[in-house]
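Chain and residue survey
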Amino acid sequence: MSVTSAVPRLSDATLAALPAAVRRPAYDRAGTRIGVVHFGPGAFHRAHQAVYFDDLLASDPDWAISAVSLHSAGVRDALRPQDGLYTLALLDQAQADGSPALRVVGSIREVLCAPEEGAAVLARLADRDVRLVTLTITEKGYCLSPDGVDLQHPDIVRDLATLDAPTRAPVSAPVSAIGWLVAGLRARRAQGLEPFTVLSCDNLADNGGRLRRAVLQFARQSDPALADWIDTEVAFPRSMVDSITPATDDALRARVAAQLGMDDAWPIQREPYTQWVVEDDFRNGRPPLERAGVVLSDDIAGYDKAKLRLLNAPHSTLAYLGSLMGIEAVADAMREPALAGFVARLMHEDIVPSLQLPQGFDPDAYIEAILARFRNPAIRHLLAQIAWDGSQKIPVRLLGTIAEALAAGRAVDRLCLPVAGWLRFVRRQSLAGVAIVDPLADALARIGAATTGEAAHDVDAFLALDGVFGPLAGDARFVEALRRAYAALGDGSPAAVARALAA
Ligand code: CS2
């Protein structure tokens, strides 16, 4: 992230010198208080939650954010010299050829790197003013097992092993998000403080419930009395988050620098559309989120499943099948009639029947809006980015729908094609020696390299993967359908994929 020295750098000191067209914080940043600790200040957080809080701070100064990276120092090193400020570019279809609307976001008041600044992170978590801890750490960051936390996960093993024997306090900074949450709650309880509410903002159905079970199981291993306190005192609301956020690239950096007349080491881009639905279950106060356009609901399960299954599952479908066809970005995949038609059929005919939709929810309108967002020509959203972490995404995006369709006696052939596409994609990458981005990368590469192209052999090898297919691996109807889909993709070449899509 190189920043040239000739031009000024975005910061509190240069905020007033921004061009008038660039929107900036509508409040005095110095007058805000940190009320939120956020784990995982990647592009999504900075494009989504931090923007809602930027709106909120205009009327309530209590909810500025302390942004904590769990692993790398990249965000801290980019944003600390900018006083936490960064630019958001809104990629509007209507302005595909023009300059994106820019907004400088001010809600992040502090940026910490947990491995290097553990004491500061713990102090924040135990600060009376902090009443909310939010997370966007991606599916894999939770170290989940089907009913709680994965006690074999190296980060969890390490965090449990580094607790002081008599006090159960960590003797060194935790490495896992679960370890941090428990350490923070433990410190608050020890100081007689009210707990913070824990709000997961990742693409997992029942994200709050799953996080709650993971935290409780971890706490139970280390300190049963603490686990009981968490069980009765801490709220873990569920949430649904939505906004398409392609990774930052050099083109964005250059465009933003030209429009700002200043350097920003890490601007963010996203589509104009954004949605955040949060279960209204907070303790110790909740931010007035509705003022910033957040929907507070009791029926979050309907929303989160609809979004995961109707947006994320089609996204993964485009990612794997599109990549096999040699396509690079979502909007390009949507210009391929066979692929766009397949995805629309999958949504209408295979996914909608699996949903229990919230009252008043119009699935056809929702689908049309999603497909239009995918077609947005102002966004270059790389299929390769969406293809990351397939072992974590496929189960929550597609396998639940498949299991429910099987239970209801419906056909699963079409639903199995994207799953087979993932397997073919892994095979292709492994045979070509291309690295796979996935927490199970080693296992996937090993299986992928040993594939022969023969459906029963290859599918069975992938089905043995730990923690991906669950009970479906033993369901003969699923196994048969997946083998058929894998075979239908032929040699995985663009022509073979196109034939399978049309079938
Ligand atoms: C995408 C999501 O990268 C992916 O896997 O499917 O990040 C998607 O863009 C967001 O969930 C949209 O809200």
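Scroll up for the structure.
This is a predicted model, so every value here is computed, not measured. (Residues numbered from 1 in each chain as written. Predicted model: local features only at pLDDT ≥ 70, side-chain atom pairs only at ≥ 80, totals over all residues. Heavy atoms only, no water.)

1. Some details on the sheet that holds strand S3 (residues 86–90)
Which entries qualify depends on this criterion: We treat two strands as partners when DSSP finds at least two bridges between them. Think of it this way: any DSSP run of H or I at least four residues long counts as a helix, any run of E at least two long counts as a strand, and we number them from the N terminus. A fitted line through C-alpha atoms serves as each axis, taken over the contacting stretch for helices, and the angle formed by two N-to-C directions is quoted from 0 to 180°. Contact criterion: two residues are considered in contact whenever any of their non-hydrogen atoms come within 4.5 Å of each other.
The mixed open sheet is built from 3 strands, whose spatial order is S4-S3-S9. Because the sheet does not close on itself, it has two edges, and the strands there are strand S4 (101–105) and strand S9 (268–270). Averaged over neighbouring strand pairs, the angle between their axes works out to 25 degrees when direction is ignored. Pairing between S3 and S9: 3 bridges, direction parallel. Note on S9: the bridge partner recorded for leucine 90 is arginine 270. Sheet strands touched by helix H2 (residues 49–57): S3, S4 and S9. Its angle to S4, the strand with the most contacts, is close to 75 degrees.

2. Here we look at the packing of helix H15 (residues 390–407) against helix H16 (residues 413–432)
For clarity, the threshold we go by: Angles are sorted into four bins: roughly parallel if under 35 degrees, roughly antiparallel if over 145, roughly perpendicular if 65 to 115, and oblique for all others. Take the far helix as your reference; a near helix turned counterclockwise from it by less than a right angle gives a left-handed crossing, and one turned clockwise gives a right-handed crossing.
One way to put it is that H15 packs onto H16 with a least axis distance of 10 Å and a crossing angle of 155 degrees. By the criterion of interaxial angle, the relationship of H15 to H16 is roughly antiparallel. Note on packing geometry: the crossing formed by H15 with H16 is left-handed. Only Leu415, Cys416, Pro418, Val419 and Trp422 of H16 make contact with H15, whose side of the interface consists of Gly390, Ser391, Ile394, Leu398, Leu399, Thr401, Ile402 and Ala405.

3. Here we look at the environment of glycine 492
Of note, glycine 492 is situated in the loop between helix H19 (476–488) and helix H20 (494–502). For glycine 492 and arginine 428, which are 64 residues apart along the polypeptide, the C-alpha to C-alpha distance reads 8.0 Å. Ignoring any residue separated from it by four or fewer positions in sequence, one finds glycine 492 in contact with Leu324, Arg424 and Val497.

4. A short note on the sheet that holds strand S8 (residues 239–242)
Taken in spatial order, the 3 strands make up an open sheet running S8-S10-S11, and their pairing is mixed. Two strands lie at the open edges of the sheet, namely S8 and strand S11 (295–297), each paired on one side alone. Here the average twist between neighbouring strands, direction ignored, is 20 degrees. As defined by bridge partners, S8 adjoins strand S10 (residues 275–279) across 4 bridges and the pair is classed as antiparallel. Paired with methionine 240 across the bridge in S10 is valine 277.

5. Brief notes about the pattern of salt bridges
Formally: The salt bridge definition used is simple: a Lys or Arg side-chain nitrogen within 4 Å of an Asp or Glu carboxyl oxygen.
Evaluation of the coordinates by the stated rule reveals 37 salt bridges. As a salt-bridge pair, arginine 124 and aspartate 127 come within 3.1 Å of each other at their nearest N and O atoms. Arginine 253 serves as the salt-bridge partner of aspartate 250, at 2.8 Å between the closest nitrogen and oxygen. On the criterion of helical spacing, the pair formed by aspartate 250 and arginine 253 is a turn pair, its members being 3 residues apart in helix H9 (residues 250–260). Because the salt bridges share partners, they merge into one network encompassing Arg76, Asp77, Arg80, Glu116 and Glu117.

6. Some words on the pairing of strand S7 (residues 197–200)
To be explicit about the condition: Here the term buried applies to any residue with accessible area under 20% of the maximum for its type, exposed to any over 50%, and partly exposed to those in between, with areas from a 1.4 Å probe on protein chains only.
Residues Thr197 and Leu199 point to one face of S7 and Val198 and Ser200 to the other, with burial holding for every one of them. Where strand S6 (residues 132–135) lies against S7, 4 bridges are found, and the strand directions are parallel. From the neighbouring strand, valine 133 faces S7, where its bridge partner is valine 198.

7. With respect to the packing of helix H6 (residues 177–190) against helix H8 (residues 224–233)
Between two packed helices, both the angle of their axes relative to each other and the distance between the axes serve to describe the pair. Threshold: Three residue categories are used. Nonpolar comprises Ala, Val, Leu, Ile, Met, Phe, Trp, Tyr, Cys and Pro, charged comprises Asp, Glu, Lys and Arg, and polar comprises the others, including Gly.
Look at H6 against H8: their axes get within 11 Å of each other, and the N-to-C directions meet at 90 degrees. The angle between H6 and H8 places the two elements in the roughly perpendicular class. The segment H6 lies against H8, with Val182, Leu185, Arg186 and Arg189 engaging Ala225, Leu226, Trp229 and Ile230. A breakdown of the residues in the contact of H6 with H8 according to their chemical character gives 6 nonpolar, no polar and 2 charged.

8. Brief notes about the side chain of glutamate 110
Selection criterion: Pairs of N or O atoms within 3.5 Å make up the polar contacts considered here, provided that, within protein, one atom can donate a hydrogen while the other can accept it, and that residues adjacent in sequence are counted only when both atoms are side-chain atoms.
Relative to the assigned elements, glutamate 110 resides in strand S5 (residues 108–113). Polar contacts involving the side chain of glutamate 110 include one to the side chain of arginine 124, which spans 2.8 Å. Not counting chain neighbours up to four residues away, the residues in contact with glutamate 110 comprise Ile34, Ile65, Ser66, Ala67 and Arg124.

9. Examining the nonpolar core
Selection criterion: To form a nonpolar core, buried Ala, Val, Leu, Ile, Met, Phe, Trp, Tyr and Cys residues must be joined to one another through side-chain atoms within 4.5 Å. As used throughout, domain bounds are those supplied by an automatic or database domain assignment.
In this structure, Ile402, Trp422, Phe469, Phe478 and Leu482 are the most contacted members of the largest nonpolar core, which totals 75 residues. Element by element, the count of residues in this core is highest for helix H10 (residues 300–324), at 10 residues. Structurally, this core is a two-domain feature, drawing no fewer than three residues from each of domain 1 (12–138 + 196–203 + 232–295) and domain 2 (301–502). One finds Leu125, Val133, Cys143 and Val396 within the second-largest nonpolar core, a separate group that totals 43 residues.

10. Concerning helix H7 (residues 207–222)
Which entries qualify depends on this criterion: Each helix should span, by expectation, one fewer than its residue count multiplied by 1.5 Å.
In this model, H7 (16 residues) spans 23 Å end to end at C-alpha, consistent with the 22 Å of a helix rising 1.5 Å per residue. Along H7, the residues that are buried comprise Asn207, Gly208, Gly209, Leu211, Ala214, Val215, Leu216, Phe218, Ala219 and Ser222. Packing partners of the buried residues in H7 comprise S6, helix H5 (154–161), H6, S7, H8 and S8.

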